[in-house]
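Chain by chain, the residues:
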Amino acid sequence: MAEQEGLSREDLEAREHRELSPFAAFSDASRGRQRPRPRDARRTEFQRDRDRILHCKAFRRLSHKTQVFIAPEGDHYRTRLTHTLEVSQIARTVARSLALNEDLTEAIALGHDLGHTPFGHTGEEALCNALAQVADRYPGAPKKFRHVEQSLRVVEHLEYDGRGLNLCWETRDGILGHSGAHLPATLEGQIVRTADRMAYINHDIDDAQRAGILTEADLPAGPAAVLGHSLAQRLTTLIDDMVAASAGKDHIALSEPVETALLEMRRFMFDAVYSSPSAKSEGPKAQRLVEELFSFYLTHLEALPPEYQETVAADPVQAVIDYVSGMTDRFAIRVYESLFVPSRWALSQ
């Protein structure tokens, strides 16, 4: 029989057991998918998860979703997609250094923000407000919108025409646990959880400096002395510290001085940037836009696209959430204009 060219899935799985830490998640020991699928000849299960996320529609939409600055003037501000890629890069570096499963880490990182709304956290707040306003009429509806839970819903139910991406349990657990109270069961998921915070604090500092909101000298002296005085220095400090603090352990950690400095820098960013007039100047408009779209579609359920009509029958509020939260910034603006802004009259000549 001719020798098979290249590495097979079995070869890759065997290499994981040879090279990875005992604390790693092994792809051939996954808890499985929601629906069983035949194994791939070339790719491990976690590689397949990464690829399915990378090729899904929700991932492509991230390129036109706000990170912090709504409709910024300039091409170099982060979007939700570039944030996701930066989280992935940081998380993969740490996973590789700790001999953990880089494929699982990447899959979780690429999928962690798929459920984010248009206009970033402003859109999330808008949907929370909208849900509060209809709580009495729809007692069984969600009480709050959480992008973490919506990200999981995207991969479990909304993609692939309602069938979901059918990801491994470990990937879904990591997506659900990247923020909030749920701590991921795998170290790979815990890496993404910490890398997410590391990424957004540092790239938001960079974007705020580009916007003229901050200078490097404005950063609090204590945290800056610990973390560093440039984007590269801060990321190097955080990555090196996470590797050193987590090596040989069954959990992911930062050292106490570095974690304290990171939390202090995060508090500073909320006060100085996230709530600043420059970052929030378009916020009220975006919030009103999202709330009015939600209200319109809840009272005109027939206007939702066909793929949402099955959900309408079971849970109309969830159907509207699914549609509105999935919009990009520019699509939401176009839909709003088509619904509420008069178009020019087509006068005959």
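Here the structure is shown first, and the text comes after it.
A brief look at the structure comes next. Here the residue numbers are simple positions, counted from 1 along each chain's written sequence. In keeping with the model being predicted, local features are shown solely for residues with a pLDDT of at least 70 and side-chain atom pairs are shown and tallied solely at 80 or more, while totals for entire chains, interfaces and linings include all residues. With hydrogens and water excluded, all non-hydrogen atoms of the structure serve as input to the side-chain values.

One recurring pattern in soluble globular proteins: nonpolar side chains tend to sit buried together. The set of buried Ala, Val, Leu, Ile, Met, Phe, Trp, Tyr and Cys residues whose side-chain atoms join them within 4.5 Å is what this entry labels a nonpolar core. Burial status follows relative accessibility: with a 1.4 Å probe on protein chains alone, a residue under 20% of its type maximum counts as buried, one over 50% as exposed, and anything between as partly exposed. Core analysis: the biggest nonpolar cluster contains 46 residues, and Leu100, Ile191, Leu214 and Met269 have the highest contact counts within it. What counts as a helix is a DSSP run of H or I of at least four residues, what counts as a strand is a run of E of at least two, and both are numbered from the N terminus. Going through the elements one at a time, α4 (80-97), α5 (102-111), α9 (187-210), α11 (231-246) and α12 (256-274) are the ones with two or more residues in this core. Considering each element in turn, this core owes the most residues, ten residues, to α9. Not counting the four nearest positions on each side in its chain, Ile191 is found in contact with Ala91, Val94, Ala95, Leu98, Leu100, Thr105 and Ile252. Judged by nonpolar contacts, the second largest core, of 30 residues, contains Leu131, Phe294, Val312 and Ala332. Here a residue-residue contact requires only that any non-hydrogen atoms of the pair lie within 4.5 Å.

Counting buried positions along helix α16 (residues 316-325) gives ten out of ten residues, so the element sits mostly inside the fold. The set of residues buried in α16 consists of Pro316, Val317, Gln318, Ala319, Val320, Ile321, Asp322, Tyr323, Val324 and Ser325.

Here the focus is the pattern of salt bridges. Any carboxyl oxygen of Asp or Glu that lies within 4 Å of a side-chain nitrogen of Lys or Arg is treated as forming a salt bridge with it. According to the stated counting rule, one finds 24 salt bridges in the structure shown. With a shortest N-O distance of 3.1 Å, Glu13 and Arg9 are connected by a salt bridge. Of this pair, Glu13 and Arg9 both sit in helix α1 (residues 9-19), four residues apart, which is roughly one turn of that helix. Here Glu13 and Arg9 have matching classes, each one buried.

Here we take up the packing of helix α6 (residues 120-134) against helix α14 (residues 283-299). Between the N-to-C directions of two axes lies an angle of 0 to 180 degrees, each axis being a line fitted to C-alpha atoms and, for a helix, fitted only over the stretch in contact. Close contact between α6 and α14 brings their axes to 8 Å; oriented N to C, the two are set at 45 degrees. Considering the angle they form, α6 stands oblique to α14. Where α6 crosses over α14, the two elements pack in a sense that is right-handed. Listed contacts from α14 to Thr122, Gly123, Glu125, Ala126, Leu127, Asn129, Ala130, Leu131, Gln133 and Val134 of α6 are Gly283, Ala286, Gln287, Val290, Glu291, Phe294 and Leu298. Put simply, Ala, Val, Leu, Ile, Met, Phe, Trp, Tyr, Cys and Pro go in the nonpolar bin, Asp, Glu, Lys and Arg in the charged bin, and everything else, Gly too, in the polar bin. Residues belonging to the contact of α6 with α14 are distributed by class as follows: nine nonpolar, six polar and two charged. Comment on the angle field: the value is read as roughly parallel under 35 degrees, roughly antiparallel over 145, roughly perpendicular from 65 to 115, and oblique elsewhere. Two helices crossing with the near one rotated counterclockwise from the far one by less than a right angle form a left-handed crossing, whereas a clockwise rotation gives a right-handed crossing.

Here the focus is the environment of Asn166. Along the chain, Asn166 falls in the loop between α7 (147-162) and α8 (169-176). For Asn166, a relative accessible area of 2% gives the class buried. Note: C-alpha distance between Asn166 and Asp49 (117 residues apart in sequence) is 8.3 Å. Leaving out residues up to four positions away in the same chain, Asn166 has contacts with Arg33, Gln34, Arg35, Arg37, Arg52 and Val155. What qualifies as a polar contact is a pair of N or O atoms within 3.5 Å, subject to a donor-acceptor requirement within protein and to the restriction that residues adjacent in sequence count only when both atoms come from side chains. Engagement of the side chain of Asn166 in a polar contact is seen with the backbone nitrogen of Gln34, the distance being 3.2 Å.

What counts as a disulfide here is a pair of cysteine sulfur atoms lying within 2.5 Å. Inspection of the entire model under this criterion finds zero disulfides. Of the cysteine sulfurs around Cys168, a residue in no disulfide, the closest is that of Cys56, at 15 Å.

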